[in-house]
Amino acid sequence: MQIRFYLLRTPEIEVDGRSVYDELNHKSAALLFYLAASGKKLLSRDELSEMLWPNQLGDSARSNLRQTLSAVKKVCVERLGLSDSIIESYKGSCRLTS
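All values reported here derive from a predicted model rather than from experimental measurement.

Caption draft 1: Highlighting helix H3 (residues 58–79). The end-to-end C-alpha distance of H3, which contains 22 residues, comes to 31 Å, matching closely the 32 Å that a straight helix rising 1.5 Å per residue would cover. Among the residues of H3, Ala61, Asn64, Leu65, Thr68, Leu69, Val72, Val75 and Cys76 are the ones counted as buried. Relative to the axis of H3, the buried residues are bounded by an arc of 140° and lie together on one face. Across H3 from its buried face, at more than 90 degrees, point the exposed residues Asp59, Gln67 and Glu78. If you follow the buried residues of H3, they end up packed against helix H1 (26–37), helix H2 (45–52), strand E5 (87–89) and strand E6 (93–96). Gly81, located one to two residues past H3, shows a positive phi value of around 75°.

What follows is the structure, given as structure tokens:
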């Protein structure tokens, strides 16, 4: 699977040559761009939720992150026909798949 991110023009995210940017909400796209910028590094869910929802308390922000991860997975499975998300999600951390 090949994932491409474009930021120096109109923002775009392509998975295997197919655009998914318009299928994502702003937080989902921001999460993917941030994970891409982080390389293969595992990022904690707490760090991600605090970055994306800085004005919300911990549990609320983490709940929003779970919903965002679910939304990305839904686009990957339903729109792209993939077997899973392009985000590897573990109990306490996340990263983009290879």
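Caption draft 2: Quick look at the state of the cysteines. Counting across every chain of the model gives 0 disulfides. A disulfide-free cysteine, Cys76 has its sulfur positioned 13 Å from the sulfur of Cys94, the nearest such atom.

Caption draft 3: Here's a closer look at the pairing of strand E1 (residues 3–6). Of the strand pairs in this sheet, E1 and strand E2 (residues 12–15) are connected by 4 bridges, and their pairing is antiparallel. In the strand pairing of E2, Ile3 is matched with Val15. Between E1 and E2, which pair antiparallel in sequence order, lie 5 residues.

Caption draft 4: The arrangement of the packing of aromatic side chains in detail. What the rule picks out here adds up to 2 aromatic pairs. An angle of 45° between the planes, with centres 6.3 Å apart, marks the rings of Tyr21 and Phe33 as tilted. With Tyr21 in the loop between strand E3 (18–19) and H1 and Phe33 in helix H1, this pair connects stretches of sequence that are 12 residues apart. An aromatic cluster is defined as three or more aromatic residues linked by ring pairs; in this entry it consists of Phe5, Tyr21 and Phe33. Between Arg9 and the ring centre of Tyr6, over which it is positioned, the NZ or CZ distance is 4.0 Å.

How each quantity is defined
- Note that residues are indexed from 1 along each chain, following the sequence as it is written.
- Totals for whole chains, interfaces and linings use every residue, but because this is a predicted model, local features are given only for residues with pLDDT of at least 70 and side-chain atom pairs only at 80 or more, for both listing and counting.
- The basis for the side-chain values is all heavy atoms of the structure; hydrogens and waters are excluded.
- For helices the rule is a DSSP run of H or I covering at least 4 residues; for strands it is a run of E covering at least 2, with both sets numbered from the N terminus onward.
- In this analysis, the expected span of each helix is defined as 1.5 Å times one less than the number of residues it contains.
- Burial classes follow relative accessibility: with a 1.4 Å probe on protein chains only, a residue under 20% of its type's maximum area counts as buried, one over 50% as exposed, and anything between as partly exposed.
- Directions drawn from the helix axis to the C-beta atoms are what define this arc.
- We call two residues contacting when some pair of their heavy atoms lies within 4.5 Å.
- Any two cysteine sulfur atoms within 2.5 Å of one another count as a disulfide.
- Should DSSP find at least two bridges between two strands, the strands are taken to pair.
- Side-chain rings of Phe, Tyr and Trp, where Trp is taken by its six-membered ring, are said to pair if the distance between their centres is within 6.5 Å; with planes under 30 degrees apart they count as stacked, over 60 as edge-to-face, and otherwise as tilted.
- A ring has a charge above it when a Lys NZ or an Arg CZ is no more than 6 Å from the ring centre and no more than 35 degrees off the ring normal.

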